[in-house]
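# Overview (structure and organization)
What follows is each chain in one-letter form.
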Amino acid sequence: MSIGDSKLEALLDQLAPVILPPAEYPPADVVRDTPREELIERIKNNAQEIDLALDDAHWEVVNFLFDFYESCCETKAPHYLGQKKYWEYIDCLRHHDCEEDAETINEKCPFGQLSVKEATKAYRVYRVLLKAYKKKGGKKHLYKLFPYGPLFTIHLLAQLPRLINDVDPHYGTAY
């Protein structure tokens, strides 16, 4: 199936062995349960394979997205945020003065939180990235770094599950 953009097709051909799970798997769960070093290593290896040089600006977006998935997206069990958060919560129960309130959560997630279903939709996650990088130029900045869409490229390189409607060649969109 041809998608019409020869550069994008070449990129996808080079990463043909990269298999992305379907969008039904919430990326937040995968990011929480995979050590950050492993995700970073996957991105480095896949970027090297397609001759994509990543600089500090790229890594800033990648780390923001991973932090957002870890801290601001619900999982299928909404109150279970991964092993580390679970044990912090258990330790917190012993000390009544360490409970998080709504203000603490808002400080961690100044660009909002997403439900399990919303976190699998490209447009919802993309809107968070736009808010986060508004001062740096928003859409222009993100597409300068990732010409085929920041979410699509990061998910492809990290081998994370695809987001719903991440690329629509018929309308020329790629988030």
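Residues numbered from 1 in each chain as written. Predicted model: local features only at pLDDT ≥ 70, side-chain atom pairs only at ≥ 80, totals over all residues. Heavy atoms only, no water.

Looking only at helices and strands, the protein chain has nine helices and two strands in total. Each helix and strand of the protein chain, placed in order from N terminus to C terminus, yields the pattern α-α-α-α-α-α-α-α-α-β-β. Of all 175 residues assigned to the protein chain, the portion counted as buried reaches 37%. Of all intrachain contacts in the protein chain linking residues separated by at least 6 positions in sequence, the fraction that spans at least 24 positions is 73%. Just so you have it, the protein chain exposes about 10900 Å², and 53% of that area is on carbon and sulfur atoms. (Helix = DSSP H or I, 4+ residues; strand = E, 2+ residues; numbered from the N terminus. Buried < 20%, exposed > 50% of the residue type's maximum accessible area, 1.4 Å probe, protein only. Contact = heavy atoms within 4.5 Å. Areas by Shrake-Rupley, 256 points an atom, 1.4 Å probe, with all protein chains shown as cover.)

The subject of this paragraph is the state of the cysteines. Two cysteines, two sulfur atoms, one covalent bond between them: this is a disulfide. Overall, the coordinates contain one disulfide when judged by the stated rule. Here Cys-72 connects covalently by a disulfide to Cys-109, the sulfurs 2.0 Å from one another. For the disulfide bridge between Cys-72 and Cys-109, the dihedral angle about the S-S bond is near -100°, and by the sign convention the bridge is left-handed. You can see Cys-72 sitting in helix α4 (residues 56-72) and its partner Cys-109 sitting in the loop between α6 (102-108) and α7 (122-132), a full 37 residues away along the chain. The thiol of Cys-73 is unpaired, and the distance to the nearest cysteine sulfur, on Cys-72, comes to 6.7 Å. (Disulfide = S-S within 2.5 Å.)

Before going further, it helps to spend a moment on the pattern of salt bridges. This structure, assessed with the given rule, holds six salt bridges. Within the structure, one salt-bridge network assembled from shared partners comprises Arg-36, Asp-67 and Glu-70. (Salt bridge = Lys/Arg side-chain N within 4 Å of Asp/Glu carboxyl O.)

Considering all chains together, one arrives at four aromatic pairs under this definition. Summarising the aromatic geometry, the rings of Phe-64 and Phe-111 are spaced 5.8 Å apart at their centres and angled 70° between planes, so their arrangement reads as edge-to-face. Placement of Phe-64 in helix α4 and of Phe-111 in the loop between α6 and α7 is noted, with a sequence separation of 47 residues between them. Its relative accessible area of 26% is what places Phe-111 among the partly exposed residues. (Phe/Tyr/Trp six-rings, centres within 6.5 Å; stacked < 30°, edge-to-face > 60°.)

A positive phi is found at Asp-51, a non-glycine position, where the angle reads about 60°. Within the fold, Asp-51 resides in the loop between α3 (36-49) and α4. A positive phi angle, near 60°, is found at Gln-159, a position not held by glycine. By the element assignment, Gln-159 lies in the loop between α9 (150-158) and β1 (167-168).

The subject of this paragraph is the nonpolar core. Most often, soluble globular proteins have nonpolar side chains that are buried together. By size, the foremost hydrophobic cluster in this structure holds 36 residues, and its most contacted members are Val-61, Val-62, Phe-66, Tyr-69 and Leu-151. Mapped onto this core, the elements with two or more residues apiece are α2 (27-33), α3, α4, α7, α8 (139-145) and α9. The residues contacting Phe-66, other than those within four sequence positions of it, are Val-31, Arg-36, Leu-39, Ile-40, Ile-43, Ile-154, Ala-158 and Leu-160. (Core = buried A, V, L, I, M, F, W, Y, C linked by side-chain atoms within 4.5 Å.)

With 17 residues, α4 ought to run about 24 Å at 1.5 Å a step, and its terminal C-alpha atoms sit 23 Å apart, in line with that. Inspection of α4 places His-58, Trp-59, Val-61, Val-62, Leu-65, Phe-66, Phe-68, Tyr-69 and Cys-72 among the buried residues, and these make up the whole buried set. The distance from a side-chain oxygen at the start of α4 to the backbone nitrogen of Ala-57 is 3.1 Å, and the residue carrying that oxygen is Asp-55. (Expected span 1.5 Å × (residues − 1). Polar contact = N/O pair within 3.5 Å; in protein donor to acceptor, adjacent residues only side chain to side chain.)

What follows is about the packing of α4 against α9. Pairs of packed helices are described in terms of their axes, by the angle between the two and the distance that separates them. Relative orientation of the contacting elements α4 and α9 amounts to 80°, with a least axis distance of 11 Å. Considering their axes alone, α4 and α9 lie roughly perpendicular with respect to each other. Contacts between α4 and α9 involve Val-61, Val-62, Leu-65, Phe-66 and Tyr-69 from the first element and Leu-151, Ile-154, His-155 and Ala-158 from the second. Residues of the contact of α4 with α9, tallied by class, amount to eight nonpolar, one polar and no charged. (Axes fitted to C-alpha atoms, helices over the stretch in contact; angles between N-to-C directions. Parallel < 35°, antiparallel > 145°, perpendicular 65-115°, else oblique. Nonpolar A, V, L, I, M, F, W, Y, C, P; charged D, E, K, R; others polar.)

Across the protein chain, pLDDT averages 78, with 65% of residues at or above 70. Here α6 stands out as the element of the protein chain with the lowest mean pLDDT, 55, in contrast to α8, whose mean of 94 is the highest. (pLDDT = per-residue confidence, 0-100.)

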